[in-house]
Amino acid sequence: MLLDTYGRRAVDLRVSLTDRCNLRCTYCMPEEGLSWLGKPDLLTDEEIVRLVALAVGSLGVREVRFTGGEPLLRPGLVPIVAACAALEPRPDLSLTTNGIGLARVAGALRDAGIDRVNVSLDTLDPGTFARLTRRRRHQDVLDGLAAAEAAGLRPVKLNTVLMRGVNDHEAADLLAWAVEHGYQLRFIEQMPLDAQHGWDRTRMVTAEEILDLLRARFALTPEPAARGAAPAERWLVDGGPATVGVIASVTRPFCRACDRTRLTADGQVRNCLFATGETDLRGAMRDGADDAELAELWRAAMWGKKAGAGIDQPEFHQPERPMSAIGG
Ligand code: SAM
Ligand code: SF4
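Rules used in this analysis
- Residues numbered from 1 in each chain as written.
- Chains lettered and ligands numbered in written order.
- Predicted model: local features only at pLDDT ≥ 70, side-chain atom pairs only at ≥ 80, totals over all residues.
- Heavy atoms only, no water.
- Helix = DSSP H or I, 4+ residues; strand = E, 2+ residues; numbered from the N terminus.
- Rg over C-alpha atoms; globule rule 2.2 N^0.38 Å.
- Buried < 20%, exposed > 50% of the residue type's maximum accessible area, 1.4 Å probe, protein only.
- Contact = heavy atoms within 4.5 Å.
- Areas by Shrake-Rupley, 256 points an atom, 1.4 Å probe, with all protein chains shown as cover.
- Lys, Arg positive; Asp, Glu negative; His and termini not counted.
- Charge placed at Lys NZ, Arg CZ, Asp CG, Glu CD.
- Near = heavy atom within 4 Å.
- Nonpolar A, V, L, I, M, F, W, Y, C, P; charged D, E, K, R; others polar.
- Polar contact = N/O pair within 3.5 Å; in protein donor to acceptor, adjacent residues only side chain to side chain.
- Arc of directions from axis to C-beta.

Participant: Describe the overall build of the protein, with residues and values.
Facilitator: Looking only at helices and strands, the protein has ten helices and twelve strands in total. The C-alpha atoms of the protein give a radius of gyration of 19 Å, which matches the 20 Å a tight globule of 328 residues would have. A total of 328 residues make up the protein; the buried ones form 57% of that total. For the protein, the proportion of contacts with a sequence separation of at least 24, taken over those separated by at least 6, is 73%. As presented, the protein carries roughly 13,900 Å² of accessible surface, and 52% of it is formed by carbon and sulfur atoms. Of the side-chain charges in the protein, 40 are positive and 45 negative, and the distance between the mean point of each set is 1 Å.

What follows is the structure, encoded as structure tokens:
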């Protein structure tokens, strides 16, 4: 098992398949992109499957989410998913994507074994989308969402980051649209994980503000189901059954219930999004470590997990790696 000194157990593995992306969301990366990892640095498809098999077979991981960068840019995505779906016990498999290209592969992903997708969509307006992501691909995302729904990858979840003066006026419209389409919307507070270190706490749209924006149009009541380790606090919209979630990573962190462990595209284990240290499984694996040795390294990496990320504390330091290179 992957335990830490605070008694938490990691059962949810985030696997980053690439640090590259075809969008340039302003809260994530600079316009010119980043210096991407070279091919020799990336885990191969076989190395990824070996580490996922170890996590599932020996370390108690039950859920695996593929992310990035943009995971749909990974050529081996479908075979990687298929190999992970064949593991015993079979993990729950999901994908976080910007949705570009999803229309083409949604069916293949479902057939390979993906259970659910989270698609990031911050606006209903193509112009705002172009401003926010620096690419004119809004319709591709909408097509991807529709394809995921048609392929039966339900419930399709939407992730939205609100930026003050850019898309915060759309909060209620986004929720109305999501409810109408049967998508489950979750707002995520903007975190200090952008490559350009431009995050500004005073400009961040807080969970409380998001809820106020939504309450102006909808009646929100706390969802009775226990939250467990889920990062989103959820509300019934106008009595339900539709719900909306808010992930208040900054103002109401959920670190005490965190059940995550992370693997970067270059094979580093991180015990937290905000960790400042990493454990190199790729190097150990390429030096010939056997599964027992890799499992021991992974356990030790998680044992050292801090109590909390402390974003709202004065002594907080943003990690070196940006979100896109960690795997959000
Ligand atoms: N490219 C895929 C996507 O956009 O869904 C997967 C990777 S992306 C890093 C994962 C999620 O992180 C997205 O929902 C994105 O909106 C969110 N994200 C990126 N930068 C963020 C930030 N600084 N604060 C909060 N969420 C962020
Ligand atoms: Fe790409 Fe996702 Fe970052 Fe946007 S949030 S730039 S889609 S990795």
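Moving on from the model shown.
Participant: So what's going on with the site of ligand 2? Which residues, and what values?
Facilitator: Taken together, Cys21, Leu23, Cys25, Cys28, Met29, Gly69 and Asn98 make up the full set of residues near ligand 2. Among the residues forming the shell around ligand 2, the class breakdown is five nonpolar, two polar and no charged.

Participant: So what's going on with the site of ligand 1? Residues and values would help.
Facilitator: The environment of ligand 1 is made up of 18 residues, and the closest members are Tyr27, Gly69, Glu70, Ser120 and Met191. With respect to ligand 1, the side chain of Glu70 contributes an N or O atom lying 3.2 Å from a nitrogen atom. In isolation ligand 1 has 540 Å² of accessible area, and contact with the protein removes 96% of it.

Participant: How would you sum up helix 3 (residues 102–112)? Please name residues and give values.
Facilitator: By the burial criterion, the buried members of helix 3 are Leu102, Ala106, Leu109 and Ala112. Take helix 3 and look down its axis: the buried residues cluster within an arc of 135°, on one side only. Turned more than 90 degrees from where helix 3 packs its buried face, Arg104 and Asp111 sit exposed. Structurally, helix 3 contributes buried residues whose contacts are with helix 2 (77–85), strand 3 (92–97), strand 4 (116–120) and helix 5 (138–150).

Participant: Tell me about helix 4 (residues 126–133), and name the residues and values.
Facilitator: Regarding helix 4, the residues found buried are Thr128, Phe129, Ala130, Leu132 and Thr133. Where helix 4 is buried, its residues touch helix 5. Positioned one or two residues after helix 4, Arg134 has a phi angle of 60°, which is positive.

Distances and angles like these do not, on their own, reveal function.
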